[in-house]
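Coordinates in review
Each chain is listed here by its residues.
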Amino acid sequence: MKDTKLPGDKGLVLKSRAKHHAISAPLLRPFTFDSMPLVIQYEVNFQSGIDCGGAYLKLLSETPGLDLDQFVDKTAYTIMFGPDKCGEDYKLHFIFRHKNPKTGHYEEKHAKKPDADLRSYFTDKKTHLYTLVVNADNSFEVLVDQTVVNSGNLLKDMTPPVNPPAEIEDPDDHKPEDWDERPKIQDPDAVKPEDWDEDAPAQIPDEDAVKPDGWLDDEAEYIGDPDAIKPDDWDEDMDGEWEAPQVPNPACESAPGCGPWKRPMIDNPSYKGKWKPPMVDNPNYQGIWKPRKIPNPDYFEDLEPFKMTPFSALGLELWSMTSDIFFDNFFITNDRNTAERWAADSWGLKKAAEGAAEPGLATQMLTAAEERPWLWIVYVLTVALPLVLIIVFCCTGKEKKTPAAEYKKTDEPQPDVKEEEEEEEEEDKAEEAKSSPAAEDKSDEEEAAAEEEEGEKEATTEEREDDILRRSPRSRRLRKD
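Everything numeric in this text was worked out from a predicted model, so none of it was measured.

**As for the overall build of the chain**
Along the backbone of the chain there are nine helices and 22 strands. Only carbon and sulfur atoms are counted for the fraction: they give 52% of the accessible area of the chain, which is about 34,000 Å².

If you want it as structure tokens, here you go:
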């Protein structure tokens, strides 16, 4: 592998483009379909992508003349399974060849198309594990990376069906010449009304129309360009008489119209068109003819299509327009648990290594933006919008201080925080003064002065409160109307 994340990881590689490739290997013993399931799994990596080509395998049927040295596209196989792509058609084949028990002929049966989107398995250049499980109860599962992408039943979900219909249409039965399949016919008794005019035109001139004022009847709508000059290399013998190119007549720009005036056309109220008899039920109607059913001479019922032709070899027979398709770890077993353990020890290591080597989220975003430039707009909006919202909420969410003037316009009381702090400071100073030795020597005059000063402050505070109450709207008397 070119860009392997596991040193020493090797496998089969389809190296050449636009060429046929084939390789095969025998199994240790043929696989016989009995009561145990069939489990097939292998790994594929489209290292260079894929334009058109397949990466499917074939389980080669055990036949007496099987020669792996002569392995070609015509070599008989029991099951074909794996990815295939051409154009925009992404496929994951599951085809098995069913033997008709009556005729002995083989016919390919194709599983229904998966509902899952397979595009990424062809384009992401990762190693993917393809698994097919076919059970003895005729059920099957198709998995990619151990995830089911398709499932069904061999009897119900294959095209064409395993069992043919019990009845078929008789190939010798033919429709009688007098068989009437017409549910409706024209009324044979209908008669065209006498006043029906088939020749009346669909439109007629509007007799109520009046020519607009200012219409220039004598002026042409287009005139020869007066500024045009005949080219010097104009040859009248070869090019004919030279005429100036036509341009809109300047005289018609301000007029409602030029040239001969004609009445506008309107729908003819008397128009009825071609008369046709009305349709009525066909009294001789016999229904849609179908050939009669007869027993199918090739009918059979195989209720165990799981019991397919044993196979004894595995092969790749491919053609591709893309090179470097990597194959590894082909595994065939009848035990699903064993297959899962094998997958964990092989493909699981590659998955872990590829996951560890994947670029970070930022790198993936930049890579995606390079492929799709419009993603830059999404990134900018995703980052800028939350930042703008954070700034708006942070800057505009601060509580505004209400000035004293606003309290005068409302009924909310104004807190006297400063006054309370000043009173507390004065009380603290007074207590300190009383407790100090110098306070004992204080004169009666100083104590009286202090008490008088405190009384003035209390009076001032009371006057302010009375003033606030007088200004409050609640204290105002209601004005009579």
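**Quick word on the side chain of Lys 58**
Within the secondary structure, Lys 58 sits in strand E5 (residues 57-61). A polar side-chain atom of Lys 58 sits 3.2 Å from a polar atom in the side chain of Glu 317.

**A look at the packing of helix H3 (residues 336-345) against helix H4 (residues 347-356)**
What describes two packed helices is the angle between their axes and the distance between those same axes. Remark: H3 packs on H4, axes separated minimally by 3 Å, with the N-to-C direction vectors making an angle of 35°. Facing Ala 343, Ala 344 and Asp 345 of H3, the residues of H4 in contact are Trp 347, Gly 348 and Leu 349. Here the residues of the contact of H3 with H4 sort into four nonpolar, one polar and one charged.

**Here we look at the pattern of salt bridges**
Using the criterion set out here, one finds 21 salt bridges in the structure. Of the charged contacts, one joins Asp 9 and Lys 350 as a salt bridge, the two residues approaching to 3.4 Å between their closest N and O atoms. With a gap of 341 residues between them, Asp 9 in the segment before strand E1 (12-14) and Lys 350 in helix H4 connect regions that are remote in the sequence. For the pair formed by Asp 9 and Lys 350, the shared burial category is buried.

**Considering the pairing of E5**
Burial analysis of E5 places five of its five residues in the buried class, which makes it a mostly covered element. Pairing analysis gives four bridges linking E5 to strand E6 (residues 77-86), with the strands arranged antiparallel. Pairing of Leu 60 across the sheet is with Tyr 77, part of E6. The pairing of E5 with strand E21 (residues 311-320) spans four bridges and is classified as antiparallel. Counted as the bridge partner of Ser 61 is Phe 311 from E21.

**A few points about unusual backbone geometry**
In this structure, the amide linkage connecting Thr 159 to the following residue, Pro 160, adopts the cis form with an omega of -10°. Mapped onto the secondary structure, Pro 160 falls in the loop between strand E12 (158-159) and strand E13 (167-169). A positive phi angle, near 60°, is found at Ala 18, a position not held by glycine. Looking at the element boundaries, Ala 18 is found in the loop between E1 and strand E2 (19-31). We note that Asn 329 has phi near 55°; this positive angle belongs to a residue other than glycine. The residue Asn 329 is located in strand E22 (residues 325-333) in this model.

Rules behind the numbers
- Residues numbered from 1 in each chain as written.
- Predicted model: local features only at pLDDT ≥ 70, side-chain atom pairs only at ≥ 80, totals over all residues.
- Heavy atoms only, no water.
- Helix = DSSP H or I, 4+ residues; strand = E, 2+ residues; numbered from the N terminus.
- Areas by Shrake-Rupley, 256 points an atom, 1.4 Å probe, with all protein chains shown as cover.
- Polar contact = N/O pair within 3.5 Å; in protein donor to acceptor, adjacent residues only side chain to side chain.
- Axes fitted to C-alpha atoms, helices over the stretch in contact; angles between N-to-C directions.
- Contact = heavy atoms within 4.5 Å.
- Nonpolar A, V, L, I, M, F, W, Y, C, P; charged D, E, K, R; others polar.
- Salt bridge = Lys/Arg side-chain N within 4 Å of Asp/Glu carboxyl O.
- Buried < 20%, exposed > 50% of the residue type's maximum accessible area, 1.4 Å probe, protein only.
- Pairing = 2+ DSSP bridges.

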